[in-house]
Amino acid sequence: MGVSGGELVRRAREVMQNAYAPYSRFHVGAAIEAEDGTVHVGCNVENASYGLTICAERMAVGAAVAAGKRSLVRVVVATGIEPPATPCGACRQLLAEFGLDLEIIAVGPSSERRWTLRDLLPEAFTRESLT
Ligand code: THU
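Near the ligand you find Ser24, Phe26, Val28, Asn44, Glu46, Thr53, Cys55, Ala56, Glu57, Thr86, Pro87 and Cys88, and these make up its full shell. Within the side chain of Glu57, a nitrogen or oxygen atom sits 2.7 Å from an oxygen atom of the ligand. Cys88 is positioned with one of its backbone polar atoms (N or O) 2.9 Å from an oxygen atom of the ligand. For the ligand, whose accessible area on its own is 380 Å², the fraction buried by protein is 78%.

Structure (structure tokens):
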């Protein structure tokens, strides 16, 4: 039981509308599909102390984990630019905690790009690195 890719894209674009980005005006939405088909969303949240800004992907990971979901299958990241923006390095690292097989789909207004997290974060530092 999963959601359709179209539904995940719709959810990412929907939550993008709620981005709090008064400084950059760059709105980002992320929708993560967990293994059980549930969807967990996040948007970027900026702060007057700029460095405290949280990216959409990290908010979505937090929502998934808070809902008890740690097996993550796909994430759609929605932005308003072409080519569609890829997750930043910090977000790639946070996502990697939950598996390098994660499918990453970046969508803009008129196109999409797909990778696995393994492609976007080669030679990743993971929990296996600690053993
Ligand atoms: N941002 C994200 O939400 N995700 C990314 O992967 C890249 C950047 C946000 C952070 C900030 O609010 C704005 O985009 C501009 O950097």
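This structure, assessed with the given rule, holds 1 aromatic pair. Ring centres of Tyr23 and Tyr50 lie 5.4 Å apart, and the angle between their planes is 45°; on these two criteria the pair is classed as tilted. Here Tyr23 is found in the loop between α1 (5–16) and β1 (29–34), whereas its partner Tyr50 is found in the loop between β2 (39–43) and α2 (56–66), with 27 residues between them in sequence. A relative accessible area of 41% places Tyr23 in the partly exposed class. A residue is classified by how much of its surface remains accessible, and Tyr50, at 58% relative accessible area, is exposed.

Now for the state of the cysteines. Think of a disulfide as a covalent bridge from one cysteine sulfur atom to another cysteine sulfur atom. All chains considered together, the criterion is met by 0 disulfides. Looking at Cys43, it has no disulfide partner, and the nearest cysteine sulfur is the one in Cys55, 11 Å off. Cys43 sits in the buried class, given a relative accessible area of 12%. Unpaired in terms of disulfides, Cys88 finds its nearest cysteine sulfur in Cys91, a separation of 3.7 Å. Classification of Cys88 by relative accessible area gives partly exposed; the value is 32%.

In this section: the sheet that holds strand β5 (residues 112–116). Taken in spatial order, the 5 strands of this open sheet run β2-β1-β3-β4-β5, and their pairing is mixed. Where the open sheet ends on each side, the last strands, each with one partner, are β2 and β5. Geometrically, the sheet is characterised by an average inter-axis angle of 15° between neighbouring strands, direction not taken into account. Relative to strand β4 (residues 103–107), strand β3 (residues 72–78) runs parallel, the two sharing 5 bridges.

What counts and what doesn't
Positions within a chain are numbered from 1, following the residues in the order the chain's sequence is written. Thresholds applied to this predicted model are a pLDDT of at least 70 for local features of residues and 80 or more for the giving and counting of side-chain atom pairs; totals over whole chains, interfaces and linings are not thresholded and use all residues. Note that water and hydrogens are dropped before the side-chain values are worked out from all heavy atoms of the structure. In this text, near means that some heavy atom of the residue lies within 4 Å of the molecule or strand in question. Pairs of N or O atoms are called polar contacts if they sit within 3.5 Å, as long as, within protein, a hydrogen donor faces a hydrogen acceptor (for residues adjacent in sequence, only side-chain-to-side-chain pairs). Only the protein chains shown count as covering a residue, and every accessible area follows the Shrake-Rupley method with a 1.4 Å probe. Stacked, edge-to-face and tilted labels apply to pairs of Phe, Tyr and Trp rings (six-membered ring for Trp) whose centres lie within 6.5 Å, assigned for plane angles under 30 degrees, over 60, and everything in between, in that order. What counts as a helix is a DSSP run of H or I of at least four residues, what counts as a strand is a run of E of at least two, and both are numbered from the N terminus. We call a residue buried when its accessible area falls under 20% of the maximum for its residue type, exposed when it is over 50%, and partly exposed in between, using a 1.4 Å probe and counting protein chains only. Working definition: a disulfide is two cysteine sulfur atoms within 2.5 Å of each other. Paired strands, as defined in this entry, are two strands with at least two bridges between them according to DSSP. Interaxial angle, 0 to 180 degrees, is taken between N-to-C directions of lines fitted to C-alpha atoms, where a helix line uses only the stretch in contact.

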